Each structure stands twice: as C-alpha cells, then as structure tokens.
Amino acid sequence: MSDTVAYERHGDVAVLKVNNPPVNALSQSVRQGLLNGIERAESDDGVRAVLIVGEGSAFFAGADITEFGKPPMAPALPDLVDRMEASPLIIIGSMHGVSLGGGLEVALGCQYRLAVPSAKIGLPEVHLGLIPGAGGTIRLPRLCGIEAALDIMTTGKHVPAQQAHALGIVDEVRDGDPFENGLAYANELLAKNAPRRVVSELEMPKSDDWDALYDAVLAKSRGQISPAMCVRSMQGGAEMPFAEALLNERKIFVELLQGDQSKGMIHAFFSERAVGNLPELKGVDPRALTQIGVIGGGTMGAGIATSALLSGLNVTMLEMSAEAGEAARGRIEGNLAGALKRGKISAERHEEIMTKALTVVTDYAALSDADLVIEAVFEEMEVKKTVFKQLDAVCKPGAILASNTSYLDINEIASVTSRPADVLGLHFFSPAHVMRLLEVVVADATAPDVVATGFALGKRMGKISVRAGVCDGFIGNRILSTYRTCADHMILDGASPYEIDQALEEFGFAMGPFAVADLAGLDIGWAVRKRKRAEGLDPRARDAAYVDTICEAGNFGQKTGKGYYDYSAGAKARVPNPDVLPLIDAEREAQGITPKTFTKEEIVRRYMAAMVNEAAKVVGEGIARRPLDVDMTLLFGYGFPRYRGGPLKWADIVGVEGLLNDIKSYAEEDDYFWQPAPLLEKLVAAGKTFEHLNKGDTV
Ligand code: 3H9
C-alpha cells in the first residue's frame, strides 16, 4: 500500500482509509494508494465492495495544488476515476468535511455516495482559474442536470450535504462516524444485491443552446475565462462519446493550467494563506480580547464596530454627543440588519448584540476596561493626538491603542502616549464590516504581542491581514496615490477619465480609478491634495487642479449625486458628468499641453507600470515584507482582479525587464515621476522575479 492509504478488510468489504493531513489532498501517494487498494480488493477473495473514507478533517480537498506546474506523476486522477468505474466491485464513498474538486470527482467515480449532514461538496476549480479535470464537468450533470451542475462549477460554491442529496449528487445523508456509517451502508447495499451504478453510463442531459449558456457565463465572470470553459467542456460531454469528452475536458484543463489566469489565481490561493504567516510572530501569544472600544461612529467607525460585534466581541462606541451616539447606533443597527437579512446572524444574536454587546457612550472613562481601542476619528494629526492623549490617560495598563488612520504617521501618534509599545495602526477599508483587507501597521516601538493581537483580531473578523510599515499611505494607499497620479497625468496628456476607467475595467478591475474616486468621495482626495500643497509640492511634480473645481462646486461623487460621473439615474447607471471634460480642456490649455490619444493598451501599460514601480519601492523599503503582501493588499482592498494574482505577480508574468524598460522610456518625458524602483533594477540585473523574493531569495 502507500503511506497515505491503509487497506482493511471488514467481511465482504475492503476499506481504503486515506490519511494525508491536513486536508487529504489527492497527492501522487494517495492516488497510487487508492489504485493499489482497488486492485488488491479485486483480487482479495470474497471482497464484493470497496469503501473509501477519509481520516481527519475531510474526505478529499481535491487535487494536490502544490503538484500543479510540476511534471505529471502517474496515476493521473482522471485515469484513477476511470479505473474505479471499470471495477467489477461496488465502490462506495463515505464523505465528511469537504469533498472538493478532484475529491468530488473521486466520489463521482464511486457508484454510491453517502455523506454526514455537515459534509460539503463542490467543484471550486474556477477559483484556481481551472475547470474540473477528472470528469467533473461531464459526470456531475448526469446526476443533477445542466443548470445545477453549471451553478456548482461556475461559482465554486460549497454545497451542503442535504442540498446535494436533494440534487441527486449524494445518495444518502446519515449522521454518525463516516467509517461506521459507510460500512453499514456498504453491507446494506450488498444485502440487497444493489446493482453497480456507473455515473458515466447515465444519460447526459442536453442543452438547446450551448453558445447562449457560454455567453451568459462569460458575461458574468469579468474577464475570467475558466467559468465559461466549464460550459464548453460540458457541451463536449453532451456531443461526444464519453471517452472523447473526457479527453476534451483534459485538454481544456491543461490549457488553462498553462495559462496566465490560473498562475494568478494559484498564486492568490497560496498567498492568501501565507500573508498572515509571519516568522517574527512564531511563538508570540496575542493579548486577550473581549472588550473593544471604538472612537467615532461615522461610516468607518460603525463598520469597525459592526465587524467586531459580528465576531463576538463586546463594543463600547464613543461619540462626542448623545445625538452623534444615537446616529452611530443607527448606523451599526443598519449594518447588522443587513447581516440578519443575509442570514449571517440569527434574530436572537441580533437582539443580544443590540441590547448587551453594544454600548454607546460619550465619556472616555467608559473605556477604562477596554482591551483594545480603535480610533476612527477625523483624519487630522492634531485631532488624533488629542484622542490618543485621552486614551492613554483612561485605558488600563496593557490595553492596546490603535489608529484607523489611512495615511498618518503612527510613530508620531504613538509619541503622545506613555505606551508607544502598545500602539499600532489597524487600517480598515470601507465598509469595514464588508471589505476583507486589514493593514496591520507596525510602528517603531510596537511590541510583537501587540502585532500578534492585530493579526488575531483580523482573523477573528474574517479579514485578510497584511503587515505594513509606517509611511505616507502604508502599502495600499501609497501605491494607490502613485497609480492615481499616473492616471491624472494621462488625463492632462489627452486621455479622458472615462477611457481610463473603461480600459482598466476591461483589464479586470472591479471599477476604474475615477469611478472609485466617486464612490470613496472626492473630498478625501481634495483634502490630501490641499495638505500636500500646504506642505509644498516639489516644483517638478505635475499638478492637476481641474478636479478641485468639481469639489469646490460641492460635487463629491456618489454621495452628492455628481462627480466624474452623474448619478441622477442611480449609482449603477453612471453617465459622464458633462462638466468634467471642459474643465480638463481648460486645464490642458492653461498648462500649454497639446492632447494626444491613448490606446487602451497604453493606458493599462502605464497605469500598471506606475503601480508595479511604487509597489517595488514599498517592498524595497521594507514597508511590505514580501511582494505577496502587496499583491494581497491590492486584491482584497483595491479591486485588483484575482485572476491576475496581484500587481507583482502580474509583473512576473508579463516580464519585469520589459516593465523596467517602459518605466525608463516614460522617464524620458517626466523623470521626476518615473524614477525606477531600485529593487526592480536589481531584480532585472540579477535575472530574478518577485516570486524569488516571496520564496525568501534576496537580490
Ligand atoms: C482540482 O481538484 C483539479 C481536479 O479537478 C483535476 C485534477 C487533474 N492541495 O485553507 P486552509 C493546504 S483543483 C494542496 O488554511 P481551511 C493549504 O495550503 C483543487 N494543499 O484550511 C493550507 O496549507 P498551509 C480543488 C492544500 O480549513 C492547509 O492545506 N480544490 C489544498 O480554512 C490548510 O488549508 C480546492 O480548490 C490542496 N487542494 O480550509 C480546494 N487545499 O497550512 C482548496 C488546502 O501550509 N482548499 N491545502 O497554509 C480549500 O478550499 C481549503 O483549503 C479547505 C480547508 C476548504 C479545504
């Protein structure tokens, strides 16, 4: 047998127990073990059935993703599943935990499927930029029809056992131990001489219009190709003999595996898990958290409070007046009503939160037993300092003081307290109870257990937490400010905000930068520009003042109904604001610029070059520890398309050398803005990529 699959004989049933922690991925050893087990059972006298059961947390989490991109190792999963179907024995899968991807495909190669009620099944390959590659696209529809199968494989969702049973995917749902249940079920099937029932021999459902299905799926996936390719593979199942359809599925799978989108998505899968894994925090215990204070109940503070409440923490919300406190309570209640409606909390929990877990106060003294206080007040240094002085005076020793600032210097904020080791930045993204990103900003004196507590809080809230160092804008907003500036330069030089938004939305961003600015509120950027101008702009920096005119007229984007776009017909029905282009024309004229045209490719190339260059500076300066930290920041906080993996993964894919050459050629027009990142130059000189740095290599 193999190290990971044990063979046991229980009367007429051979049991294959799979043990490949942590999630029973179908690695080569597991595939080999299953194949050997089936062959042994076939020659084991008296064996009439085979039961496959997973030890530990899952049946199977799918193919072993770490094997992707390496030379294939026999037996291949599709061959194993075929071999299972060809066996004269009755093969039964007893599922618990997850049966995902190849794991469900193995179950589909079984003739009977049993699950515990908590089991979940799914085909999440699309989240890796792939399609199911071991028969899933052509076996699953035979059990549950095209519509349900397409829904499962194009969304990648996890389907609970009862629902899978109702769809005909699982034959029986029984509570209890998966092995005991499975053995009893196998013996029942043998006792009643249950027939062999091979999924590939069932009738394949047909569609009248595969192209329409393909188009509909493609239109929903914002540039990601794999969901639509599930349709094409399923179509093959309906139009070709089974063996040919299987080869067709395999061909599509391999093409996608070799393509850029799966590279981006597999990078995202592993980076999402690696991002919170910091060597410096190994063995460091976070401080205990029960009671959280939040200062300021605007949109951001209310969102943070909601997130904390939803994660089971008690929250004391501090506002300046009773009226402001009531408004904050109203915002939190509104957020929680949304969570209740979406089934994220029960009515009882909602009631409990509003009556017990949330307290709204106006006196700092009420924060004396808070374990952690997050300040979310107006973005101005003096205001923040006043808050931190008061917190320092009332909070108990050991309490952590956090600022939700998005740009300001945490060291300076910490300096007004007597406990800089207990101060850090916790930068949430609005709406804070929805957005997944949390930047944990580590200041010079922040203690390791305070950092660990920031990560523990993020985990508890279901966030992707990224470690950031102190600088203007930390990781995300610093990079944003650079690529936004690049977009502003392109506007001065001839592009329109609408062309830029369109090009970047086609690249895969959820929204273009100008639509984002309208959503966030143009007043935010206006305040930053005013601050920077007050500090004194470098005379070599290009300035675009036309957008200030929009703000001066009281147009701050979506919240006022007008910004770059006009939202009078609703937020989704955005149309260009007719006032904007004349303002841009006037600005170009005032600066003596003759506008030129930009193709979509040029727009994307410049915008991405600016993003990658600044990101490389952020990594080079140690503000982000690894390129993957930048990638996850952009993915989870800035709408960067997941299928491109993040800006630095994208840079590796398109080639860092070409990007550096572009940056150098742009520098011929503007050598102040386009200063190549030293790290990028070193990488190119050493013939390395950002991925080398992720793996711990240095340049
Ligand atoms: C496929 O099946 C293709 C086939 O159709 C065709 C083939 C020919 N492989 O997420 P967690 C690791 S494609 C290798 O933190 P959780 C993970 O990296 C596959 N490793 O735990 C992590 O490692 P570390 C389709 C895997 O409890 C550790 O396990 N299947 C795999 O929050 C724990 O993971 C999928 O896409 C894997 N397949 O969630 C399922 N899965 O500790 C992908 C996990 O070193 N997996 N690891 O960071 C998941 O969705 C979640 O991991 C799962 C557990 C729900 C299983």
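If you're wondering where the values come from, they're calculated on a predicted model, not measured in any experiment. (Residues numbered from 1 in each chain as written. Predicted model: local features only at pLDDT ≥ 70, side-chain atom pairs only at ≥ 80, totals over all residues. Heavy atoms only, no water.)

Draft legend 1. Layout of the overall build of the protein chain. Along its length, the protein chain carries 28 helices and 21 strands. In summary, the protein chain has a C-alpha radius of gyration of 28 Å against a globular reference of 27 Å for 699 residues, a match within 12%. The buried share of the protein chain, taken over its 699 residues, is 55%. At a minimum sequence separation of 6, the contacts of the protein chain that also span at least 24 residues come to 72%. (Helix = DSSP H or I, 4+ residues; strand = E, 2+ residues; numbered from the N terminus. Rg over C-alpha atoms; globule rule 2.2 N^0.38 Å. Buried < 20%, exposed > 50% of the residue type's maximum accessible area, 1.4 Å probe, protein only. Contact = heavy atoms within 4.5 Å.)

Draft legend 2. Region of interest: the sheet that holds strand β12 (residues 291-295). Spatial strand order, β14-β13-β12-β15-β16-β17-β18-β19: eight strands in an open sheet with mixed pairing. Two strands bound the open sheet, and with one partner strand each, they are β14 (358-361) and β19 (464-469). Neighbour-to-neighbour, the strand axes of this sheet turn through a mean angle of 25 degrees, independent of strand direction. By the bridge criterion, four bridges tie strand β15 (residues 372-375) to strand β16 (residues 400-403) in an arrangement that is parallel. Looking at β16, one finds that L372 is bridged to I400. Lying over the sheet, helix α11 (residues 299-310) contacts β12, β13 (314-318), β14, β15 and β17 (423-428), oriented at roughly 165 degrees with respect to β13. (Pairing = 2+ DSSP bridges. Axes fitted to C-alpha atoms, helices over the stretch in contact; angles between N-to-C directions.)

Draft legend 3. Up close: the packing of helix α3 (residues 102-109) against helix α4 (residues 136-155). Packing of α3 against α4 leaves a shortest axis separation of 10 Å and a crossing angle of 55 degrees. In terms of orientation, α3 and α4 fall into the oblique class. Handedness of the α3/α4 crossing: left-handed. Of the residues in α4, those in contact with L104, E105 and L108 of α3 are G136, R139, L140 and L143. Of the residues that constitute the contact of α3 with α4, the class distribution is four nonpolar, one polar and two charged. (Parallel < 35°, antiparallel > 145°, perpendicular 65-115°, else oblique. Left-handed = near helix turned anticlockwise from the far one by under 90°. Nonpolar A, V, L, I, M, F, W, Y, C, P; charged D, E, K, R; others polar.)

Draft legend 4. Seen up close, the pattern of salt bridges. Under the counting rule described, the total for this entry stands at 47 salt bridges. For E506, the salt bridge identified is with K600, shortest N-O distance 3.1 Å. With E506 in helix α18 (residues 497-507) and K600 in helix α23 (residues 600-620), this pair connects stretches of sequence that are 94 residues apart. The exposure class assigned to K600 is partly exposed, which follows from its relative accessible area of 35%. For the salt bridge of E535 with R531, the shortest nitrogen-to-oxygen distance reads 3.4 Å. In this pair, E535 and R531 both sit in helix α20 (residues 522-535), four residues apart, roughly one turn of the helix. Classification of E535 as exposed rests on a relative accessible area of 56%. A residue is classified by how much of its surface remains accessible, and R531, at 26% relative accessible area, is partly exposed. Within the structure, one salt-bridge network assembled from shared partners comprises D472, R531, K532 and E535. (Salt bridge = Lys/Arg side-chain N within 4 Å of Asp/Glu carboxyl O.)

Draft legend 5. Looking closely at the domain arrangement of the protein chain. Structurally, the protein chain comprises domain 1 (5-258), domain 2 (289-468) and domain 3 (476-694). Taking only C-alpha atoms, the centre of domain 1 and the centre of domain 3 are 44 Å apart. The partner domain 3 presents five residues to the four residues of domain 1 that form the contact. In this assembly, domain 1 packs against domain 3 so that about 310 Å² is buried in total across both faces, 52% of it on carbon and sulfur atoms. Taken as a group, R222, G223 and Q224 account for 87% of the area that domain 1 buries against domain 3, more than any other trio of residues on that side. Inspection of the region where domain 1 meets domain 3 yields one residue pair in polar contact (both at pLDDT 80 or more). The class makeup of the residues in the side of domain 1 that touches domain 3 is no nonpolar, three polar and one charged. (Domains from an automatic or database assignment. Buried area = accessible area lost by both parts, 1.4 Å probe. Polar contact = N/O pair within 3.5 Å; in protein donor to acceptor, adjacent residues only side chain to side chain.)

Draft legend 6. Quick look at the sheet that holds strand β9 (residues 120-122). Taken in spatial order, the three strands of this open sheet run β7-β9-β10, and their pairing is mixed. Bordering the open sheet on either side are β7 (98-100) and β10 (159-160), each of which pairs with just one other strand. One ladder, built from three bridges, connects β7 with β9; its direction is parallel. Along β9, the bridge assignment pairs L100 with G122. Contacts from α3 reach β7 and β9, with the element oriented near 90 degrees to β7.

Draft legend 7. Expanded view of the site of the ligand. As a structural note, the neighbourhood of the ligand is formed by 25 residues, with A61, G102, E105, E125 and R273 the closest of them. In the environment of the ligand, a nitrogen atom lies 2.8 Å from a nitrogen or oxygen atom belonging to the backbone of A61. Between the ligand and the protein, one listed contact pairs an oxygen atom with a backbone N or O atom of A63 at 2.9 Å. If the ligand stood free it would expose 1000 Å²; the protein chains cover 69% of that surface. When residues of the shell around the ligand are traced back to their parent elements, those giving at least two are β5 (62-63), β7, α3, α9 (242-258) and α10 (260-274). Per element, the largest residue contribution to the shell around the ligand is three residues, and it comes from α10. Classifying every residue of the shell around the ligand by side-chain character gives 16 nonpolar, four polar and five charged. (Near = heavy atom within 4 Å. Areas by Shrake-Rupley, 256 points an atom, 1.4 Å probe, with all protein chains shown as cover.)

Draft legend 8. Seen up close, helix α6 (residues 178-191). Between the first and last C-alpha of α6 there are 20 Å, a value that for 14 residues agrees with the 20 Å anticipated at 1.5 Å per step. Among the residues of α6, P178, F179, N181, G182, L183, Y185, A186, L189 and L190 are the ones counted as buried. Buried-residue contacts for α6 involve β1 (5-10), β2 (13-18), β4 (49-54), β6 (90-95), β8 (112-115) and β11 (172-173). Within two residues after α6, N193 carries a phi angle of roughly 50 degrees, on the positive side. (Expected span 1.5 Å × (residues − 1).)

Draft legend 9. Layout of the packing of aromatic side chains. Under the criterion given, the structure shown has 16 aromatic pairs. Measuring from ring centre to ring centre gives 6.1 Å for F507 and F640, while their planes differ by 75 degrees; the resulting arrangement is edge-to-face. Residue F507 is located in helix α18, and its partner F640 is located in the loop between α24 (627-637) and α25 (647-654); the two are separated by 133 residues in the primary sequence. Looking at F507, the relative accessible area reads 6%, which means it is buried. For the ring pair F509 and F640, a centre distance of 5.2 Å and an interplane angle of 85 degrees mean the geometry is edge-to-face. With F509 in the loop between α18 and α19 (513-520) and F640 in the loop between α24 and α25, this pair connects stretches of sequence that are 131 residues apart. Each of the two residues, F509 as well as F640, counts as buried. What links up through ring pairs into an aromatic cluster is the set Y483, F507, F509, Y607, F640 and W650. (Phe/Tyr/Trp six-rings, centres within 6.5 Å; stacked < 30°, edge-to-face > 60°.)

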